[in-house]
Amino acid sequence: QQQVKQSPQSLIVQKGGISIINCAYENTAFDYFPWYQQFPGKGPALLIAIRPDVSEKKEGRFTISFNKSAKQFSLHIMDSQPGDSATYFCAASIGDTGFQKLVFGTGTRLLVSP
Amino acid sequence: EAGVTQFPSHSVIEKGQTVTLRCDPISGHDNLYWYRRVMGKEIKFLLHFVKESKQDESGMPNNRFLAERTGGTYSTLKVQPAELEDSGVYFCASSQDPGARETQYFGPGTRLLVL
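The rules behind these values
Residues numbered from 1 in each chain as written. Chains lettered and ligands numbered in written order. Predicted model: local features only at pLDDT ≥ 70, side-chain atom pairs only at ≥ 80, totals over all residues. Heavy atoms only, no water. Pairing = 2+ DSSP bridges. Helix = DSSP H or I, 4+ residues; strand = E, 2+ residues; numbered from the N terminus. Axes fitted to C-alpha atoms, helices over the stretch in contact; angles between N-to-C directions. Core = buried A, V, L, I, M, F, W, Y, C linked by side-chain atoms within 4.5 Å. Buried < 20%, exposed > 50% of the residue type's maximum accessible area, 1.4 Å probe, protein only. Contact = heavy atoms within 4.5 Å. Disulfide = S-S within 2.5 Å.

A. Summary view of the sheet that holds strand E3 (residues 19–25) of chain A. Residues and elements named next belong to chain A. Spatially, E1-E3-E8-E7-E6 is the arrangement adopted by the 5 strands of the open sheet, whose pairing is antiparallel. At either margin of the open sheet sits one strand with a lone partner, and together these are strand E1 (4–7) and strand E6 (56–59). Neighbour-to-neighbour, the strand axes of this sheet turn through a mean angle of 15°, independent of strand direction.

B. The nonpolar core, seen in detail. With 26 residues, the main nonpolar core has Val4, Phe30, Phe33, Trp35, Phe73, Leu75 and Tyr88 of chain A as its most contacted residues. Top element by residues in this core is strand E9 (residues 86–92) of chain A. It accounts for 4 residues. Not counting residues up to four positions away in its chain, the partners in contact with phenylalanine 73 of chain A are Val4, Ile21, Asn22, Cys23, Tyr25, Phe33, Trp35, Ser65, Phe66, Cys90 and Ala91 of chain A. Leu21, Leu32, Phe65 and Cys92 of chain B belong to the second largest nonpolar core, which has 21 residues in total.

C. Summary view of the state of the cysteines. Residue and element names in this part refer to chain B. Inspection of the entire model under this criterion finds 2 disulfides over all chains. The disulfide that involves cysteine 23 links it to cysteine 92, with 1.8 Å between the sulfurs. Here the S-S torsion is close to -60°, and the disulfide linking cysteine 23 with cysteine 92 is therefore left-handed. A residue pair is termed long-range when its members are at least 10 positions apart, and cysteine 23 in strand E3 (residues 19–24) and cysteine 92 in strand E9 (residues 88–95) qualify at 69 residues. Across the pair, cysteine 92 and cysteine 23 agree in class, each one buried.

So, to be careful, I would describe these as geometric facts and stop short of saying anything about function.
As structure tokens, then:
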């Protein structure tokens, strides 16, 4: 119940295309869903996050779509650029304890070809 | 402002040896987290410090792992004795507040290989 399932494992997209990464969860107590971006040799960095009371959040070229009934959320990268090539992790956490405990997906390696 | 730093960046040890990983959080961040990623798998929570106290250590794999945060500043994670399955990338993260939606800032990780 604590798992977050992420797909695909890897993704190749042409420059200018749309990258889509999907995640699914079982635990309905999750109430915060961040996406992290990790470049080689660096640690994961928060990219964008959403709460379940909204169905979509957009920040620049990055959009999270959230489907509460299906317990799924996805990251869309519009106009993908070579600089977006990185590993992306979805995550979820439960807020009622007052402390954040992140549960991560397995990661998606994105390669944007020039 | 300096980010989260971790030392060493890489460590190769033999099974049965001891390794100590260090994490320096962002200055002023009371909350410090340890995570581990085994190759190709998810990043897994190990434990959470609030200042020098262990708030949650439910993710620690077994008693071969010992985390400390003396004085509420830097933290160490000791693995003794190391086993092959301990290989992976160990990340440290810190946050100013413990809140459920507070951003955690990650260090670059320590890549541990146990032979």
